Amino acid sequence: MAILIPLVFLFSYFFIRKIWFQLRKIRTVGTIERIELGYIRPNLILPEVKVHYKYYFQSGLYFGSGYLGLSDFLPTEEFHLHLGPGENPILYVGDMEIITEEHIEHYLLSKGGSVFLYLDPIEPYHSRIDTVNLNSITVPSDLL
């Protein structure tokens, strides 16, 4: 019984601390800098991509990376991804065929150019990707 009470306090402390850290997270937007396909050699492409992003918080610019599935970028479309001749990745989306990693990256960036992030305001360099922002972000300009 003498060991049980300190253990209950210890577990309750860690539980409250975990909830408090989750409640202080801030949701913000970051822009995608680069998308990398994941490979398992010799001939397999992973269904997830590594996303490199940047975001502004308070007075600083921060960089981060994380993983998202290809289905996050293409939620309503069926796709197929495999390695073609010369180990070039080929992405089939509908009736389109996109060859090479650079073209696939450009296509995915045209679908979603930013991500929603959760970051810790005390340690803003610790961020986590939530979802892809599939809505386009534009700035209107006055053309004369």
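Look above for the structure.
All residue numbers refer to position in the chain's written sequence, counted from 1. Under the rules for a predicted model, residues below a pLDDT of 70 receive no local features and side-chain atom pairs below 80 are neither given nor counted, while totals for whole chains, interfaces and linings still include all residues. Note that the side-chain values use all heavy atoms of the structure and ignore hydrogens as well as water.

Chemist: I would appreciate a short explanation of the overall build of the protein in the present structure.
Modeler: Looking only at helices and strands, the protein features 3 helices and 8 strands. By definition, any uninterrupted DSSP run of H or I lasting at least four residues is a helix, any uninterrupted run of E lasting at least two residues is a strand, and each is numbered from the N terminus. Listing every helix and strand of the protein by position from the N terminus yields α-β-β-β-α-β-β-β-α-β-β. Within these notes, the globule rule equals 2.2 Å times the number of residues to the 0.38 power, and the radius of gyration is based on C-alpha atoms. The C-alpha radius of gyration computed for the protein amounts to 21 Å, which surpasses the reference 15 Å derived for 144 residues by more than 25%, pointing to a less compact arrangement than a globule. Throughout, exposure labels follow a simple rule: accessible area from a 1.4 Å probe, protein chains only, divided by the maximum for the residue type, with under 20% read as buried, over 50% as exposed, and the rest as partly exposed. Counting every position in the protein, which comprises 144 residues, the buried fraction comes to 30%.

Chemist: Mind showing me how you'd approach the packing of aromatic side chains here?
Modeler: In this description, an aromatic ring pair is defined by two values, namely the gap between the centres and the angle between the planes. Classification of ring pairs rests on two measures: the distance between centres of Phe, Tyr or Trp rings, Trp counted by its six-membered ring, which must be within 6.5 Å, and the angle between planes, read as stacked under 30 degrees, edge-to-face over 60 and tilted in between. Under the definition given, this model contains 3 aromatic pairs. On the basis of an interplanar angle of 25 degrees and a centroid distance of 5.7 Å, the ring pair of Y55 and Y62 is categorised as stacked. Residue classification places Y55 among the buried residues on the basis of a relative accessible area of 1%. Members of the aromatic cluster, joined through ring pairs, are Y53, Y55 and Y62. In our convention, an over-ring charge means Lys NZ or Arg CZ found within 6 Å of a ring centre and within 35 degrees of that ring's normal. Sitting above the plane of the F116 ring, R27 keeps its charged end 4.3 Å from the centroid.

Chemist: What is the right way to read the nonpolar core from this model?
Modeler: Inside soluble globular proteins, nonpolar side chains tend to come together where they are buried. Among the nonpolar cores identified, the biggest contains 26 residues, and V51, F73, L108 and V115 are the most heavily contacted of them. Contributing elements (two or more residues each) for this core: strand 1 (26-40), strand 2 (44-57), helix 2 (70-73), strand 4 (79-83), strand 5 (89-93), helix 3 (101-111), strand 7 (114-119) and strand 8 (127-133). Sorting elements by how many residues they give to this core places strand 2 first, with 6 residues. Contact criterion: two residues are considered in contact whenever any of their non-hydrogen atoms come within 4.5 Å of each other. Filtering out sequence-adjacent residues up to four positions away, F73 remains in contact with I32, I35, V49, V51, L68, L108, K111, G112, V132 and L134. Throughout this description, the term nonpolar core refers to a set of buried Ala, Val, Leu, Ile, Met, Phe, Trp, Tyr and Cys residues connected via side-chain atoms within 4.5 Å.

Chemist: Help me out: how do you make sense of the sheet that holds strand 8 in this one?
Modeler: Remark on secondary structure: sheet strands pair via backbone hydrogen bonds, oriented parallel or antiparallel. Should DSSP find at least two bridges between two strands, the strands are taken to pair. With antiparallel pairing, 5 strands are arranged side by side in an open sheet as 3-2-1-7-8. Single-partner strands in this sheet number two, and they are strand 3 (60-69) and strand 8. Neighbouring strand axes in the sheet, compared pairwise and without regard to direction, differ in orientation by 35 degrees on average. Lines are fitted to the C-alpha atoms to define the axes, a helix being fitted only along its stretch in contact, and any angle between axes, read from their N-to-C directions, falls within 0 to 180 degrees.

Chemist: For this particular structure, what's the right way to read the sheet that holds strand 6 (residues 96-99)?
Modeler: Strand order in the open sheet made by the 3 strands is 4-5-6, with antiparallel pairing throughout. Looking along the sheet, the strands with just one partner apiece sit at the ends: strand 4 and strand 6. On average, each strand axis in the sheet is inclined to that of its neighbour by 15 degrees, with strand direction left out of account. As defined by bridge partners, strand 5 adjoins strand 6 across 4 bridges and the pair is classed as antiparallel. The residue of strand 6 that forms the bridge with Y92 is E97. Helix 3 rests against strand 4, strand 5 and strand 6 of the sheet, and its axis sits at about 35 degrees to strand 5.

Chemist: What exactly am I supposed to notice about unusual backbone geometry here?
Modeler: Generally, phi is negative for residues other than glycine and the peptide bonds are trans, each holding for most cases. Phi is positive for Q58, close to 55 degrees, though the residue is something other than glycine. When you line up the elements, Q58 lands in the loop between strand 2 and strand 3. According to the relative accessible area criterion, Q58 is exposed, its value standing at 71%. Non-glycine residue T100 carries a positive phi angle of around 80 degrees. When you line up the elements, T100 lands in the loop between strand 6 and helix 3.

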